[in-house]
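Tertiary structure, described
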Amino acid sequence: MDFELMINSFPKLLSAAVITLKLLSVSLVIGLFIGLFFAILRLNKNIFINKFAYGYSYIFRGTPLLVQIFIIYFGLGQIEYLRSTVLWVILKEPYWCAIIAFALNTGAYTSEILRSAFQTIKPGIIEAGQSLGISSKIIFYKIQIPIAIRQSLPAYGNEIILMMKGTSLASTVTIMDLTGVAKYIISTTFKPIEVFIVAGGIYLFMTFIIHNVIKFLEKKYSFN
Amino acid sequence: MELLAFGDTGWGDELFYATLMTIAVSITAMIIGFSFAAIFTPLKLSKNKLLNLIANSYTTVIRGVPELLVIYLFFFGGTGAVMFVASIFGYNEYIEINAFITGAFAIGIISGAYSTEVFRGAVMSIDKGQFEAAKVLGLSKFVQFYKIILPQVLRLAIPNLSNVWQITLKDTSLISVTGLVEIMRQSYIAAGSTRDPLFFYSFAAVLYLLLTFVSMKLINRLEVKYSRGY
């Protein structure tokens, strides 16, 4: 055990963890909107809209995240037309490519979580709103969405942790996040176990925090 | 389309073999994962606190740390560990471990953590009366487990194990970083030499979709088979 290496690499890995957290939080926020949008489309009675939303979530849940990042980072740059548009400012940055891939990926899973949450809302609750004379728009925003969010908290907590692990793939497109820096230190020092313990410890600590925050929120917003 | 031709002119046969490789790694990893689950599920259900702690740290660490980091640990650490063990037995030459074994083992350990959780949940949801009835009938421990408990556990576990299979299948794409030529690595090579990454990565995505689709169909059949009588 090389304890000196562990102590020396700790600050480097910790500052890389900040990048991991940035990637995670930005993609989660965007992914939540994407997920909500597609969950609403899934509830639509129009079969084409419905199938479109289902296809989106099927494709993004059925393929590895690595493929999605590579298509966006290496693949989209190949289209000449895209290079001449404003979008290229974003797509030439590996950081934004990773975020787009993460957001689309977590959006697909979030849409499934929210959809099943919407479907488990008891019809009686909506009927109660209607009989009070509340407009359907307000029923949706003030009754259905809050209940769906509460219902989906446990599953969404898992999704946040899975996504945090997913951000490690950013290291494959040259971003020096926690895994990227860990890999760099391993490949220069050839001490994989020491670096794994420190980097893995930081990841576990973040998992622990996320887990407890979600638990706290679950308790706070529980029905009884 | 000519990019996908079989033979020397296209990448069809290479991608076909790469797909077989992905399937082989996934199945091997899944089997390794089941072996881990077979060890750690009893530990999780045991009344001994120490055994519980061991099993819980395994599942917590593996499920809380990115797959890629675990793969790097095995990729860079595997050779060292094997050489250390070999040196105890007096063998000091350089040993290179096959990328297939390293990769399947790394993914297997990850898959095992998820399988352990699935089996634990399935065993716990079996009615206590089943264990008692088996005991009362005077069946041997072996028969109790294989004929009474295991079939029920499998029935409850298969839907969740199909999720574990999907996760495992997708995780094998990460082994490409170690150089094992599976779908992802082959697409990377093809994309590099034809300068057409969009086509090859999209095709890789299609291959993965096909694999998940077909395996879901097969697992559904298994599910029907194991839930007959319910």
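Each helix and strand counted, chain B has eight helices and zero strands in total. Expressed along its principal axes, the backbone C-alpha trace of chain B runs to roughly 70 × 50 × 30 Å. Here the analysis covers contacts within chain B between residues at least 6 apart in sequence; of these, 72% occur between residues at least 24 apart.

Take the overall build of chain A next. The helix and strand inventory of chain A stands at ten helices and zero strands. Of the regular secondary structure in chain A, the N- to C-terminal order runs α-α-α-α-α-α-α-α-α-α. With the C-alpha coordinates aligned to their principal axes, the bounding extent of chain A is approximately 70 × 50 × 25 Å. Taken over 224 residues, chain A has a buried fraction of 38%. In chain A, the proportion of contacts linking residues at least 24 apart, taken out of those at least 6 apart, comes to 78%.

At the junction of the two partners, chain A supplies 31 residues and chain B supplies 27 residues. It is helix 10 (residues 192-220) of chain A that provides the largest number of residues to the side of chain A that touches chain B, a total of eight residues. For the side of chain A that touches chain B, the per-class residue count stands at 19 nonpolar, ten polar and two charged.

Bringing the packing of helix 6 (residues 94-119) of chain A against helix 8 (residues 136-166) of chain A into the picture now. All names here are of chain A. Interhelical geometry of helix 6 versus helix 8 gives an angle of 145° and a closest axis separation of 8 Å. Note on packing geometry: the crossing formed by helix 6 with helix 8 is right-handed. The residues of helix 8 that touch helix 6, namely those facing F102, N105, T106, Y109, T110, I113, L114, A117 and F118, are Q144, A148, Q151, S152, A155, Y156, E159, M163 and G166. Here the contact of helix 6 with helix 8 is composed, by residue class, of ten nonpolar, seven polar and one charged.

Glancing now at helix 10 of chain A. Here helix 10 of chain A is 29 residues long and its end C-alpha atoms lie 41 Å apart, about the 42 Å a rise of 1.5 Å per residue gives. Considered for burial, the residues of helix 10 of chain A that qualify are A:P192, A:E194, A:V195, A:F196, A:V198, A:A199, A:G200, A:Y203 and A:M206. If you follow the buried residues of helix 10 of chain A, they end up packed against helix 1 (3-43), helix 8 and helix 9 (178-189) of chain A together with helix 2 (49-64) and helix 3 (67-88) of chain B.

Attention shifts here to the packing of helix 2 of chain B against helix 4 (residues 99-124) of chain B. Residue and element names in this part refer to chain B. The contact between helix 2 and helix 4 brings their axes to 9 Å, and the two run at 120°. When the axes of helix 2 and helix 4 are compared, the pair comes out oblique. Crossing geometry of helix 2 relative to helix 4 is assigned as left-handed. Counted together, Y58, T59, I62 and R63 of helix 2 and I109, I110, A113, T116 and E117 of helix 4 form the full contact between these two elements. Within the contact of helix 2 with helix 4, the residues separate by chemical class into five nonpolar, two polar and two charged.

Once that is clear, we can look at the nonpolar core. Core analysis: the biggest nonpolar cluster contains 104 residues, and A:I69, B:I71 and B:A204 have the highest contact counts within it. A total of eleven residues in this core trace back to one element, the largest contributor, which is helix 6 of chain A. Sequence-distant contacts of A:I69, defined by excluding residues within four places in its chain, comprise A:C97, A:A98, A:A101, A:L169, A:T172 and A:V173.

To continue, consider the environment of B:A29. All names here are of chain B. The residue A29 is located in helix 1 (residues 12-45) in this model. Overall, the presence of 26 C-beta atoms within 10 Å leaves A29 in the buried class. Along the sequence, A29 and S111 sit 82 residues apart, while their C-alpha atoms lie 7.1 Å from each other.

Moving on, we come to unusual backbone geometry. Although it is not a glycine, A:F190 adopts a positive phi angle of roughly 55°. On the secondary structure map, A:F190 appears in the loop between helix 9 and helix 10. Of note, B:R195 is a non-glycine position whose phi angle comes to about 55°, a positive value. Among the residues examined, B:R195 registers 7 C-beta atoms within 10 Å and is labelled exposed.

Across chain B, pLDDT averages 89, with 99% of residues at or above 70. Prediction confidence for the complex, expressed as pTM and ipTM, is 0.89 and 0.88 respectively.

A few words now on the environment of B:V70. All names here are of chain B. On the secondary structure map, V70 appears in helix 3. Once the C-alpha coordinates of V70 and G103 are considered, the two residues, 33 residues apart in sequence, prove to be 10.0 Å apart. V70 has contacts with I62, V65, A106, I109 and I110, leaving out every residue within four places of it along the chain.

Rules and cut-offs
Residue positions are given per chain, counted from 1 along the sequence in the order it is written. Each chain takes a letter, starting from A, and each ligand takes a number, starting from 1, following the order in which they are written. At least 70 in pLDDT is required for a residue's local features to be given in this predicted model, at least 80 for side-chain atom pairs to be given and counted, and no such filter applies to totals for whole chains, interfaces and linings, which use all residues. Each helix is a run of DSSP H or I of at least 4 residues and each strand a run of E of at least 2, with the numbering of both proceeding from the N terminus. Contacts here follow a simple rule: the backbone-placed C-beta atoms of the two residues must lie within 7 Å. To assign burial, the other C-beta atoms lying within 10 Å of each residue's own C-beta are counted, with C-beta atoms placed from the backbone; 20 or more indicates buried, 12 or fewer indicates exposed, and intermediate counts indicate partly exposed. Polarity classes work like this: nonpolar for Ala, Val, Leu, Ile, Met, Phe, Trp, Tyr, Cys and Pro, charged for Asp, Glu, Lys and Arg, and polar for all others, with Gly in that last group. Lines are fitted to the C-alpha atoms to define the axes, a helix being fitted only along its stretch in contact, and any angle between axes, read from their N-to-C directions, falls within 0 to 180 degrees. With the far helix as reference, a near helix turned anticlockwise by less than a right angle produces a left-handed crossing, and one turned clockwise produces a right-handed crossing. Between the first and last residue of a helix there are one fewer steps than residues, each counted as 1.5 Å, and that sum is the expected span. Here is the rule for angles: anything less than 35 degrees is roughly parallel, anything more than 145 is roughly antiparallel, 65 through 115 is roughly perpendicular, and the remaining ranges are oblique. Note on terminology: a nonpolar core is a set of buried residues of type Ala, Val, Leu, Ile, Met, Phe, Trp, Tyr or Cys, with members joined through C-beta atoms within 7 Å. pLDDT is a per-residue confidence score from the predictor, ranging from 0 to 100.

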